[in-house]
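Breakdown of the fold
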Amino acid sequence: MSLFGLGSRNHRTFRPKKSSPSGSKGLQLKKHIEATLGSGNLREAVRLPPGEDLNEWLAVNTVDFFNQVNLLYGTLTEFCTSSSCPTMSAGAKYEYRWADGITIKKPIEVSAPKYVEYLMDWIEAQLDNESIFPQKLGAPFPPNFQDVVKTILKRLFRVYAHIYHSHFQKIVSLKEEAHLNTCFKHFVLFTWEFCLIDKGELPPLYEIVESILYC
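Residues numbered from 1 in each chain as written. Predicted model: local features only at pLDDT ≥ 70, side-chain atom pairs only at ≥ 80, totals over all residues. Heavy atoms only, no water.

Here's the deal with the overall build of the protein chain
Broken down by element type, the protein chain carries seven helices and two strands. When the helices and strands of the protein chain are read in sequence order from the N terminus, they spell out α-α-α-β-β-α-α-α-α. Across the 215 residues that make up the protein chain, the buried fraction comes to 48%. Across the protein chain, the fraction of contacts at a sequence separation of at least 24, relative to all contacts at a separation of at least 6, is 72%. As displayed, the protein chain has an accessible area near 10800 Å², and 54% of this comes from carbon and sulfur atoms. (Helix = DSSP H or I, 4+ residues; strand = E, 2+ residues; numbered from the N terminus. Buried < 20%, exposed > 50% of the residue type's maximum accessible area, 1.4 Å probe, protein only. Contact = heavy atoms within 4.5 Å. Areas by Shrake-Rupley, 256 points an atom, 1.4 Å probe, with all protein chains shown as cover.)

In structure tokens:
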């Protein structure tokens, strides 16, 4: 089935778009993101709006980044298979193994599509857990909220790394490279602004990240 004109997706890797936290605050922040992104100034778009709560800002943007990566990867599901991508890698030097600390405590080697499936299931569980991502206006965020956000974004970075290393030519043939590059630039500028990804995660895409940060 083709949705949004972006190729076929199977039911496990393409999911309905997640909504931002409900309530007037979440909607206000969502509108702010859309307005600033529309200006074309991504560096300005990632900054915390004056007077806003940092955790609210992180929550709304984390949902957006999940949706973006989910949609991008969804265009590749027929090309990213267990036979074409038997490991979740980013070039010859970097391989990612999966563990969620609950059902899979010891990191295991899985194919790229299986890794992404595990990851999207895990992220959805975090986003749907109101004790982590509160849906009601004014509800408190947990003390470990920013640690959860960092783990989500670290793992989403790995999906970008896999796409760039293993599927970029397919992205070009689908004429989606401009969209991929814009999404990744937004992601990099945001995570850099709030120190959300350890520099040790960046080497697989270091040249791209450097070009974004210092252009």
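Next comes the rest of the description.
Description of the packing of helix α3 (residues 54–74) against helix α4 (residues 112–128)
Relative orientation of the contacting elements α3 and α4 amounts to 155°, with a least axis distance of 12 Å. Comparing their axes, α4 and α3 come out roughly antiparallel. Crossing of α3 against α4: the hand is left-handed. Of α4, the residues touching α3 (which contributes T62, V63, F66, V69, N70 and Y73) are A112, P113, V116, M120, I123, E124 and L127. (Axes fitted to C-alpha atoms, helices over the stretch in contact; angles between N-to-C directions. Parallel < 35°, antiparallel > 145°, perpendicular 65-115°, else oblique. Left-handed = near helix turned anticlockwise from the far one by under 90°.)

Points about the side chain of R155
Tracing the chain through its elements places R155 in helix α5 (residues 145–173). It turns out R155 is buried and unbridged, and the closest side chain with the opposite charge, D100, is 7.2 Å from it. Those residues in contact with R155, other than ones at most four positions away along the chain, are W98, A99, Y115, L119 and W122. (Lys, Arg positive; Asp, Glu negative; His and termini not counted. Salt bridge = Lys/Arg side-chain N within 4 Å of Asp/Glu carboxyl O.)

A closer look at unusual backbone geometry
A positive phi angle, close to 60°, is found at K175, a residue other than glycine. Looking at where K175 falls in the secondary structure, it is placed in the loop between α5 and α6 (177–193). The backbone of C195 sits at a positive phi, close to 50°, despite the residue not being glycine. Tracing the chain through its elements places C195 in the loop between α6 and α7 (206–214).

Some points on the environment of N55
Within the element layout of this structure, N55 appears in helix α3. Put simply, N55 and P142 are 87 residues apart on the chain and 9.8 Å apart in space, counted from C-alpha to C-alpha. Once residues lying within four places of it in the same chain are set aside, the contact partners of N55 are F141, F145 and Q146.

Describing the nonpolar core
Nonpolar side chains in soluble globular proteins generally cluster together in the buried interior. With 59 residues, the main nonpolar core has F133, L156, Y160, F184 and F187 as its most contacted residues. Elements supplying a minimum of two residues to this core: α3, α4, α5, α6 and α7. Excluding residues within four positions of it along the chain, F187 makes contact with F65, L153, L156, F157, Y160 and I197. (Core = buried A, V, L, I, M, F, W, Y, C linked by side-chain atoms within 4.5 Å.)

A word on the packing of aromatic side chains
One pass over the full model with this rule turns up 13 aromatic pairs. Relative to F184, the ring of Y160 lies with its centre 4.9 Å away and its plane at 55°, an arrangement referred to as tilted. Note that Y160 is positioned in helix α5 and F184 in helix α6, a separation of 24 residues in sequence. A relative accessible area of 0% places F184 in the buried class. (Phe/Tyr/Trp six-rings, centres within 6.5 Å; stacked < 30°, edge-to-face > 60°.)

Describing α4
Between its terminal C-alpha atoms α4 stretches 24 Å, which fits the 24 Å expected from 17 residues at 1.5 Å a residue. Counting buried positions along α4 gives twelve out of 17 residues, so the element sits mostly inside the fold. Along α4, the residues that are buried comprise A112, P113, Y115, V116, E117, L119, M120, W122, I123, E124, Q126 and L127. (Expected span 1.5 Å × (residues − 1).)

Section: the pattern of salt bridges
Throughout the structure, instances matching the rule amount to five salt bridges. For the salt bridge of R97 with E95, the shortest nitrogen-to-oxygen distance reads 3.5 Å. Across the pair K114 and E117 runs a salt bridge, and its minimum N-O distance is 3.5 Å. Taken together, the residues K114 and E117, both in helix α4 and three residues apart, mark about one turn of the helix. For K114, a relative accessible area of 30% puts it in the partly exposed group. Take E117: its relative accessible area is 18%, and that puts it in the buried class. The network of salt bridges with common partners includes E95, R97 and E109.

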